[in-house]
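Coordinate analysis (summary)
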Amino acid sequence: MESLSNELSEKLKNVEYNYKAIENNINEAAVKSGRKREDIIFLAATKTVEPKVINHAVSCGLKYIGENKVQELLSKYDEYDLENCDLQFIGHLQTNKVRQIVDKVSLIQSVDSVKLAGEIARQAKLRNKIMDILVEVNIGKEANKSGVLPEQLDELLCSIKDIDGISVKGLMAIPPICDDKSLICKYFENMHRLFIDISAKKLDNISMDYLSMGMSDDYCEAIMFGANMVRVGSALFGKRIYADR
Ligand SMILES: *Cc1c(COP(=O)(O)O)cnc(C)c1O
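These remarks concern the structure in this document.

Conventions we followed
- Residues numbered from 1 in each chain as written.
- Predicted model: local features only at pLDDT ≥ 70, side-chain atom pairs only at ≥ 80, totals over all residues.
- Heavy atoms only, no water.
- Helix = DSSP H or I, 4+ residues; strand = E, 2+ residues; numbered from the N terminus.
- Rg over C-alpha atoms; globule rule 2.2 N^0.38 Å.
- Buried < 20%, exposed > 50% of the residue type's maximum accessible area, 1.4 Å probe, protein only.
- Contact = heavy atoms within 4.5 Å.
- Areas by Shrake-Rupley, 256 points an atom, 1.4 Å probe, with all protein chains shown as cover.
- Lys, Arg positive; Asp, Glu negative; His and termini not counted.
- Charge placed at Lys NZ, Arg CZ, Asp CG, Glu CD.
- Near = heavy atom within 4 Å.
- Polar contact = N/O pair within 3.5 Å; in protein donor to acceptor, adjacent residues only side chain to side chain.
- Nonpolar A, V, L, I, M, F, W, Y, C, P; charged D, E, K, R; others polar.
- Expected span 1.5 Å × (residues − 1).
- Core = buried A, V, L, I, M, F, W, Y, C linked by side-chain atoms within 4.5 Å.
- Phe/Tyr/Trp six-rings, centres within 6.5 Å; stacked < 30°, edge-to-face > 60°.
- Lys NZ or Arg CZ within 6 Å of the ring centre and 35° of its normal.
- Axes fitted to C-alpha atoms, helices over the stretch in contact; angles between N-to-C directions.
- Parallel < 35°, antiparallel > 145°, perpendicular 65-115°, else oblique.
- Left-handed = near helix turned anticlockwise from the far one by under 90°.
- Arc of directions from axis to C-beta.

So, the overall build of the protein chain
Within the protein chain, the secondary structure is distributed over eight helices and eight strands. For 245 residues, the compact-globule estimate of 2.2 N^0.38 gives 18 Å, and the C-alpha radius of gyration of the protein chain, at 18 Å, lies within 12% of that figure. Among the 245 residues that make up the protein chain, the fraction classed as buried is 47%. A fraction of 59% describes how many contacts in the protein chain between residues 6 or more apart in sequence connect residues 24 or more apart. For the protein chain, the accessible surface area stands at approximately 12500 Å², while carbon and sulfur atoms represent 48% of it. Looking at charge distribution, the protein chain has the averaged site of its 33 positive side-chain charges lying 2 Å from that of its 37 negative ones.

Spelled out as structure tokens, the structure:
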């Protein structure tokens, strides 16, 4: 018992330390890219992290959290400190699970098909709400990865922009995993260009408010290349431990 609680308090201390370090880094990158700290959203990717630990990060000042699995979100839902933070969905979403989360999250970051957008809209309308969404772009054009291909983005946006019940608020991307920072930056740059191009078109019902990209290893670079939302997991909470692997 004694050692368990020591372990937890050690973990919480680390989260607090990491939180401050990430805050500093975000602030620095924001300023270097000509913006302010408050222009950038720091969302914590909370998969595998216990609510106790998540809520500690919230008590440190964290304002946004994101889950990537419906089941996990539901199992932790009652324990999140949602008075003090905003819950979003950042993972791949199956249409048959949409109804389980539309009344629980403020933004769904991972929309990549007309079918998914349509189901989110239908479920949102049943609850008299408008669901904010981001369109996920498969910027590395990887096989078997979610996200719309960059060359199909315009077409998808045109097909979903007039659907009642959803509101497109920007773009999200997860670039290919690789050690070459300059290559990752290239993907960030390409995403930023898409973001700017679409903003310039001023499409009805589409606002390019958020460009969500950058994770633990590259959030500073992402901010330098125009991200205004970063999704950080392991740099805040430590290495993930998967119970089922
Ligand atoms: C886990 C996850 C992240 C964060 O990953 P880290 O490398 O741990 O920072 C970001 N985005 C999504 C969609 C995730 O699932």
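Looking at the site of the ligand
Neighbouring residues of the ligand: Ala-45, Lys-47, Asn-68, Ile-90, Ile-174, Met-215, Ser-216, Arg-231, Val-232, Gly-233, Ser-234 and Arg-240. The side chain of Lys-47 places a nitrogen or oxygen atom 2.6 Å from an oxygen atom of the ligand. The backbone of Gly-233 places a nitrogen or oxygen atom 2.8 Å from an oxygen atom of the ligand. Surface burial for the ligand is 90%, taken as the share of its 380 Å² of free accessible area covered by protein chains. When the residues that make up the shell around the ligand are grouped by side-chain class, the tally is five nonpolar, four polar and three charged.

Comments concerning helix H4 (residues 114–126)
Helix length check: H4, at 13 residues, gives a terminal C-alpha distance of 18 Å against a target of 18 Å (1.5 Å per residue), a fit within 8%. Buried within H4 we find Leu-116, Ala-117, Glu-119, Ile-120, Ala-121, Gln-123 and Ala-124.

Details of the nonpolar core
The tendency in soluble globular proteins is for nonpolar side chains to be buried side by side. If you look at the biggest cluster of nonpolar residues, it comprises 68 residues, and the most contacted ones within it are Ile-108, Ile-120, Leu-171 and Leu-236. Within the second largest apolar cluster, five residues are counted, among which are Ile-41, Leu-107, Leu-134 and Met-229.

Describing the packing of aromatic side chains
Tallied over the full model, the rule gives two aromatic pairs. When the ring of Tyr-19 is compared with that of Phe-42, the centres are 5.6 Å apart and the planes differ by 20°; the resulting orientation is stacked. Of this pair, Tyr-19 sits in helix H1 (residues 2–32) while Phe-42 sits in strand S1 (residues 41–45); the two residues are 23 residues apart in sequence, bridging distant segments of the chain. Judged by its relative accessible area of 3%, Phe-42 is buried. A ring pair is formed by Tyr-77 and Tyr-80, whose centres lie 6.4 Å apart and whose planes are at 85°; its orientation type is edge-to-face. Positioned above the aromatic ring of Tyr-77, the side-chain terminus of Lys-104 is 5.4 Å from the ring centre.

Describing the packing of helix H5 (residues 153–160) against helix H6 (residues 181–201)
Close contact between H5 and H6 brings their axes to 12 Å; oriented N to C, the two are set at 40°. When the interaxial angle is binned, H5 and H6 end up oblique. Once H5 is placed against H6, the crossing between them reads as right-handed. On the side of H5, the interface is formed by Leu-153, Asp-154 and Leu-157, while H6 contributes Leu-194, Ile-198 and Lys-201. Of the residues that constitute the contact of H5 with H6, the class distribution is four nonpolar, no polar and two charged.

Regarding the side chain of Lys-169
One can find Lys-169 in strand S6 (residues 166–173). Filtering out sequence-adjacent residues up to four positions away, Lys-169 remains in contact with Asp-132, Ile-133, Leu-134, Ser-207, Met-208, Asp-209 and Tyr-210.

A short note on H5
Restricting attention to buried positions, one finds in H5 the residues Leu-153, Leu-156, Leu-157 and Ile-160. Buried residues of H5 fall within an arc of 100° about the axis and therefore sit on the same side.

Honestly, it's all geometry; don't read function into it.
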